[in-house]
Amino acid sequence: MTTIKQIGVLTGGGDCPGLNPVIRAVTRRAIRAGITVIGLRNGWMGLITGDTVPLTLETVSGILHRGGTILGTSRTNPYKKPEDVVKLKETVKTLGLDAIIAIGGEDTLGVATKLVKDGIHVVGVPKTIDNDLSQTDVTFGFDTAVNIVMEALDRLHTTAESHHRIMVAEVMGRHAGWIAVHAGIAGGADVILIPEEPIDIDAVCETIKHRHARGKDFSIVVVAEGAKFAKAADITVSEKLDEFGHVRLGGIGDQLGKMIEQRTGYETRVTVLGHIQRGGSPTAFDRVLGTRFGVKAVELVLAGQFGKMVSLQGNAIVAVPIEEATGKLKTVDRDLFELAKTFSG
Ligand code: F6P
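What counts, and at which threshold
Residues numbered from 1 in each chain as written. Predicted model: local features only at pLDDT ≥ 70, side-chain atom pairs only at ≥ 80, totals over all residues. Heavy atoms only, no water. Helix = DSSP H or I, 4+ residues; strand = E, 2+ residues; numbered from the N terminus. Rg over C-alpha atoms; globule rule 2.2 N^0.38 Å. Buried < 20%, exposed > 50% of the residue type's maximum accessible area, 1.4 Å probe, protein only. Areas by Shrake-Rupley, 256 points an atom, 1.4 Å probe, with all protein chains shown as cover. Pairing = 2+ DSSP bridges. Axes fitted to C-alpha atoms, helices over the stretch in contact; angles between N-to-C directions. Near = heavy atom within 4 Å. Polar contact = N/O pair within 3.5 Å; in protein donor to acceptor, adjacent residues only side chain to side chain. Nonpolar A, V, L, I, M, F, W, Y, C, P; charged D, E, K, R; others polar. Domains from an automatic or database assignment. Contact = heavy atoms within 4.5 Å. Buried area = accessible area lost by both parts, 1.4 Å probe. Core = buried A, V, L, I, M, F, W, Y, C linked by side-chain atoms within 4.5 Å.

**As for the overall build of the chain**
Item 1. Along the chain, the regular secondary structure elements total 11 helices and 13 strands.
Item 2. For 345 residues, the compact-globule formula gives about 20 Å, and the C-alpha radius of gyration of the chain, at 22 Å, lands near that figure.
Item 3. With the principal axes as the frame, the chain shows a C-alpha extent of 70 × 40 × 30 Å.
Item 4. Counting only residues that meet the buried cut, the chain has 52% of its 345 residues in that class.
Item 5. Accessible surface, the chain as shown: approximately 14600 Å² in total, 51% of it carbon and sulfur.

Structure (structure tokens):
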């Protein structure tokens, strides 16, 4: 088994509350095991260019409660250019990294899967506010995002009620509507629309009219950014693709708001919550989950369990193959979505 003396840590993809608690936990657990920790700046980019920062008891002090990532992040895909993979492997050697802990979502961990096949020792930590990674019950960041949206819905409720309006809240969720469903249930939304099910505008307007008929002259509609009408294309802010081939989603809330107002005659307003959902302090749940993930990731490195990702299953932190986590997205639980519909109309 490889003797582990030095490891690298990176955060890739969209930032998310809980990244700093993971970085802190990895560093503290590794130092306790006599391992030196090097922070790689801005995701895989740091490993291509050798842009590093030392992670010590001092540098990770005071970051537990902070949102974002002290390491910076990017959507760099080293496999876009073969020469970048060569440079990345050289950096691993030059820096003397015995293993890398990659904290990221589908894209970052997809790269990790390829690197493991190329002989690099990687352990993954799942991250995304969207909660759409397979093989883990939840990802950290999701709970914080849900709480932010829930609070926003509470606020939208009071103004909706005062003005007798329809409020449409567009939330994040590229491929899966986890945030929309959880925050929608917690915030008492009347209509929840998710990428997993085409939007039926007639049904949406019927629900709103039905509420009016029973004396409720305001309604709250939550729509995930990735939701669309049957057979329609993604609704985007920009067609420009990132290095993993993703467009920038956004705009479904506006489209929906206009249609609702036209069809029902009720005054409608639209709020796009956007990156507010990704910023700020993590909740206690996300701090604890991030801490448990970080400690377990180092333990997997110590055990030589490369190619594995830490995961929450029930209340246990376990190891699963990274490849299985990134192979298929985890979409919204049908039963939960059906339950949410009990409260519409
Ligand atoms: O994957 C998380 C996510 O928040 C998606 O819901 C969203 O589409 C995307 O990131 C937006 O990321 P950015 O604006 O940072 O490119």
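Don't stop here, the text continues.
**Some words on the sheet that holds strand E8 (residues 219-224)**
Item 1. The strand order across the open sheet formed by four strands is E7-E8-E6-E11, and the pairing between neighbours is parallel. Only two strands of the sheet have a single partner each, and these edge strands are strand E7 (191-193) and strand E11 (268-272). Averaged over all pairs of adjacent strands, the angle between strand axes in this sheet comes to 15°, irrespective of strand direction.
Item 2. Sheet topology places E7 next to E8; three bridges connect them, and they run parallel.

**Overview of the site of the ligand**
Item 1. Taken together, Arg 75, Ile 129, Asp 130, Met 172, Gly 173, Arg 174, Glu 225, His 275 and Arg 278 make up all the residues around the ligand.
Item 2. Side-chain polar atom of Arg 75 to an oxygen atom of the ligand: 2.7 Å apart, as the coordinates give it.
Item 3. Between the ligand and Arg 174, the relevant distance is 3.4 Å, taken from an oxygen atom to a side-chain nitrogen or oxygen of the residue.
Item 4. In isolation the ligand exposes 400 Å². Once the protein is present, 78% of that is buried.
Item 5. In terms of residue class, the shell around the ligand is built from two nonpolar, two polar and five charged.
Item 6. Residue assignment places the shell around the ligand across two domains, with domain 1 (6-140 + 282-327) and domain 2 (142-278) each supplying three or more.

**Here we look at the pairing of strand E13 (residues 316-321)**
Item 1. Examined bridge by bridge, strand E12 (residues 308-313) and E13 share six bridges and lie antiparallel to one another. Bridged to Gln 313 within E13 is Ala 316.
Item 2. Linking two consecutive strands that pair antiparallel, namely E12 and E13, is a turn of two residues; a positive phi of about 65° is found at Gly 314 within it.

**Overview of the side chain of Thr 283**
Item 1. Residue position: Thr 283 is located in the loop between E11 and helix H9 (284-302).
Item 2. A relative accessible area of 18% means that Thr 283 is categorised as buried.
Item 3. The contacts of Thr 283, once residues within four sequence positions are left out, are Asp 143, Thr 144 and Asn 147.

**A word on the domain arrangement of the chain**
Item 1. Split into domains, the chain comes out as domain 1 (6-140 + 282-327) and domain 2 (142-278).
Item 2. For domain 1 versus domain 2, the separation of C-alpha centres amounts to 32 Å.
Item 3. In this assembly, 23 residues from domain 1 lie in contact with 18 residues from domain 2.
Item 4. When the two sides are added together, the surface that domain 1 and domain 2 hide from each other amounts to roughly 1800 Å², 54% of it contributed by carbon and sulfur.

**Overview of the nonpolar core**
Item 1. One finds Ile 7, Ile 101, Ile 103, Val 125 and Phe 140 to be the most contacted residues of the largest nonpolar core, which totals 62 residues.
Item 2. With eight residues, the single largest contributor to this core is helix H5 (residues 142-163).
Item 3. Counting the residues that make up this core, at least three belong to each of domain 1 (6-140 + 282-327) and domain 2 (142-278).
Item 4. Contact partners of Ile 7, with chain neighbours within four places excluded, come to Val 26, Ala 30, Ile 35, Thr 36, Val 37, Ile 38, Leu 97, Ala 99, Ile 101 and Val 301.
Item 5. The next biggest cluster of nonpolar side chains, apart from the first, holds 23 residues, and it includes Leu 109, Val 111, Ile 120 and Val 122.

**Considerations on unusual backbone geometry**
Item 1. For Asn 42, which is not glycine, the phi torsion reads 60° and is therefore positive.
Item 2. Mapped onto the elements of the fold, Asn 42 is located in the loop between strand E2 (36-40) and helix H2 (44-49).
Item 3. Judged by its relative accessible area of 24%, Asn 42 falls in the partly exposed class.
Item 4. Phi is positive for Asn 131, which is not a glycine, with a value near 60°.
Item 5. Mapped onto the elements of the fold, Asn 131 is located in the loop between strand E5 (122-126) and H5.
Item 6. Residue classification places Asn 131 among the buried positions, given a relative accessible area of 2%.

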